[in-house]
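Below are the chains, spelled out letter by letter.
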Amino acid sequence: MTGRILIVDDEEGLREALADKLRADGFEVETADSAETALARVNRVDPDLVLTDLRMPGISGLELTARLRENRPRTDVIVMTGHEDMSSAVDAMKAGAFDYLVKPVRLAEVTALVERCLREQELDHGDADEDAESSGEDADSIDEPRIVGRDPRMIEIFKMIGVLARNRATVLVRGETGTGKELIAHAIHDHSQHAKEPFIAVNCTAVSETLLESELFGHVKGAFTGAVSSRRGYFELAGSGTIFLDEIGDTSPDFQAKLLRVLQERTFYPVGGEQPRTTEARVVAATHQPLEELVEEGSFREDLYFRLRVVEIVVPPLRERRGDIPDLARALLARIRAETGGEVERIEDAALERLEAHRWKGNVRELENVLTRAAIVARGRTITEAHLHLEVAPAVSGKGAGEDALDSIIATHLRDVLERTGGNRSEAARALEVSRSRLQRLIDRLEIRVDG
C-alpha cells in the first residue's frame, strides 16, 4: 500500500522514528516540526494523511486538525498525545480526527492504523467530500474532564463520545452499577452542539409506571387522580437536549411500546391526551440488565432493543481497569475536598496500593464512598491506609449504607404486598404498578421468600 504522509511533531526523535518506519513500509513521508510549518507545506506535499502531536508551541494539533478538515476534507488526521484524558480524545474526534493515539506509541500500531485509514480512503474516495464536514464547535468549550481513565477501553469510550458529539444517534450505555453510566451520558450531551439545552436524567425504577409516563410525556387535566392541571413532560421540556433513561431494562412492555413510538416517529401522547406532540430530544438509555435475555424471555421488546442500540457503549468495571484507580482516586479526592471544604490533599502510596488491590464490586461509586469517609476521618492532609476502612466498605454487596437501608424498606413493602395478595405475583405487580418480570427480579435480588 502507498500513500503520502505528513508527520507533525515538535519532538524530533519521535518524528524521525515514525518517518523512518513508515518510509520502510513503502509510504512517502514528509515531516514538520510545528503546525505552522505543516500548514505552509501542506498544499505542496498534498498528503493523504497527517499524523500530528496534540500539544505543540503555537498552533495546536487540535487547531491544525480543524483547519485541515475544513480546507482539505480528503486529508485524514491521526492525533497523537501524551495527555490521555477524556477532553483530549473527545476534542480530537469532534474536530474530525480519524483516530487518536496515546504516547508512547508503538510503531507497529501506527503502521496498522495508517494502513486502515488509507484503505478506508480507497473505499470511500468518491464520497469523501460529503462525509468530511467539521462540527464547527469550539473545541475548548469543555474545560474539565468529568471522567478519568487511561485504560484503552476508556480511551475508546472517550473517542466515541467525540464522534457522538457530531450527530444525534440514540445511545445505549451498558455497565455494572456504579461504573458511571450517567457520567458517560452527560459527557455525550455536554460535548454536543445542543449542550446548552437541558439534560434530564430519569431513573425508570424509581417511580411507578403511571408516574413515569406522566414525567416523560406529560398529562392533561383529569387524566388520573391528582392531575388537577395539565403538565408538560420531560420530552417536551428537554427541547433538543438529552433525555437519559436509566435502568431501561426494568420498564413495562406498555411503556416500551410508547417509547418505541417516540424513537421511530418523534411523537408521543400525554397521559389522557388525544393530540400528539413532538420532540427533538436525544435519548441515551442505560442498563446493567442483560437485555438479550430479557428479549428472549419476552419482557423487553426486541424492536425497542435495536432502536436503543444504534450505538452501544460498554463501560468496564473498575476491577478490570485497576491502572486507572490512582488517577481516579486523586480526581475524586479533589472533588470531595471542594464539596466538603476539607483539607485532605493527598493519598499515601500504601493507601493507593490498597485501593488498587480491592475488588470494587460497587465500582467508582464505591470508591467515591470509601474516599469520602476517609477524607472525613483523616485528621491531617493525607489519607493513609488506616483511614480507608475497606473491611467495612461495601466490597461484597457494592452498596453503601443508604442503599442497604433503601433495600430494606423496599423489601418490607414487597413482603407486605405479597402477603396481602396471598403470594400472587400478578396481583402484587398490579398493586405495585410494575411489570411481573420486574417484580420477580426484585424478589430475586432482595431474596424474598414467597409462599403461594
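Check the entry above for the structure.
Residues numbered from 1 in each chain as written. Predicted model: local features only at pLDDT ≥ 70, side-chain atom pairs only at ≥ 80, totals over all residues. Heavy atoms only, no water.

Describing the environment of R365
Next, step 1: When you line up the elements, R365 lands in helix α16 (residues 363–377).
Next, step 2: For R365 and T177, which are 188 residues apart along the polypeptide, the C-alpha to C-alpha distance reads 8.2 Å. (Helix = DSSP H or I, 4+ residues; strand = E, 2+ residues; numbered from the N terminus.)

A few points about α16
Next, step 1: End to end, α16 covers 22 Å across 15 residues, agreeing with the expected 21 Å (1.5 Å per residue, within 8%).
Next, step 2: Of the positions making up α16, those classed as buried are N363, V364, E366, L367, V370, L371, A374 and A375.
Next, step 3: Those residues of α16 hidden inside the fold are in contact with α14 (325–340), β13 (346–347), α15 (349–357), β14 (382–383) and α17 (385–388). (Expected span 1.5 Å × (residues − 1). Buried < 20%, exposed > 50% of the residue type's maximum accessible area, 1.4 Å probe, protein only. Contact = heavy atoms within 4.5 Å.)

Comments concerning the sheet that holds strand β1 (residues 4–8)
Next, step 1: Read from one edge to the other, the open sheet built from five strands follows the order β2-β1-β3-β4-β5, with strand pairing classed as parallel. Only two strands of the sheet have a single partner each, and these edge strands are β2 (28–32) and β5 (99–102). The average angle at which neighbouring strand axes cross in this sheet is 20°, direction not considered.
Next, step 2: In the sheet, β1 pairs with β2 via five bridges, with the strands oriented parallel. Looking at the pairing, L6 lines up with E30 of β2.
Next, step 3: Packed on one face of the sheet, helix α2 (residues 35–45) meets β1 and β2 and runs near 150° to β2. (Pairing = 2+ DSSP bridges. Axes fitted to C-alpha atoms, helices over the stretch in contact; angles between N-to-C directions.)

Comments concerning the sheet that holds strand β6 (residues 171–174)
Next, step 1: The parallel open sheet is built from five strands, whose spatial order is β7-β8-β11-β6-β12. Among the strands making up the open sheet, the edge pair consists of β7 (199–203) and β12 (311–314). Looking at each pair of strands side by side, their axes are set apart by 20° on average, direction ignored.
Next, step 2: Packing against the sheet, helix α7 (residues 152–164) makes contact with β6, β11 (282–287) and β12, and its axis sits at approximately 155° to β12.

What about a negative patch on the surface?
Next, step 1: Negative charge collects at one region of the surface, where D10, E11, E12 and D33 lie side by side.
Next, step 2: Looking at where E12 falls in the secondary structure, it is placed in helix α1 (residues 12–24).
Next, step 3: Of the residues examined, E12 reaches a relative accessible area of 53% and is grouped as exposed. (Patch = residues over 30% accessible without salt bridge, like charges linked within 9 Å, V, L, I, M, F, W, Y side chains within 5 Å. Areas by Shrake-Rupley, 256 points an atom, 1.4 Å probe, with all protein chains shown as cover. Salt bridge = Lys/Arg side-chain N within 4 Å of Asp/Glu carboxyl O. Lys, Arg positive; Asp, Glu negative; His and termini not counted. Charge placed at Lys NZ, Arg CZ, Asp CG, Glu CD.)

Some thoughts on the packing of α7 against helix α8 (residues 181–190)
Next, step 1: Between α7 and α8, whose axes approach to 8 Å, the crossing angle comes to 40°. Considering their axes alone, α7 and α8 lie oblique with respect to each other. Judged by the twist between their axes, the crossing of α7 over α8 is right-handed. Across the interface between the two elements, I157, I161 and L164 of α7 pack against I184, A187 and I188 of α8. (Parallel < 35°, antiparallel > 145°, perpendicular 65-115°, else oblique. Left-handed = near helix turned anticlockwise from the far one by under 90°.)

As for the nonpolar core
Next, step 1: Ranked by size, the top nonpolar core spans 44 residues in total, and within it V8, I147, F158, I161, I184 and I313 carry the most contacts.
Next, step 2: For this core, the element with the most residues is α7, which contributes six residues.
Next, step 3: Dropping the residues within four chain positions of it, I313 is found in contact with I157, M160, L164, V171, L172, V173, R174, I184 and I188.
Next, step 4: By size, the runner-up hydrophobic cluster in this structure holds 28 residues, among which are L216, L294, V295 and F300. (Core = buried A, V, L, I, M, F, W, Y, C linked by side-chain atoms within 4.5 Å.)

Some thoughts on the environment of A351
Next, step 1: With respect to the helices, strands and loops of the structure, A351 is situated in helix α15.
Next, step 2: Taking the relative accessible area as the measure of exposure, A351 reaches 0% and is therefore buried.
Next, step 3: Sequence separation between A351 and T384 is 33 residues, and the spatial gap between their C-alpha atoms is 5.4 Å.
Next, step 4: Excluding residues that lie within four positions of it along the chain, A351 makes contacts with I383, T384, E385 and L388.

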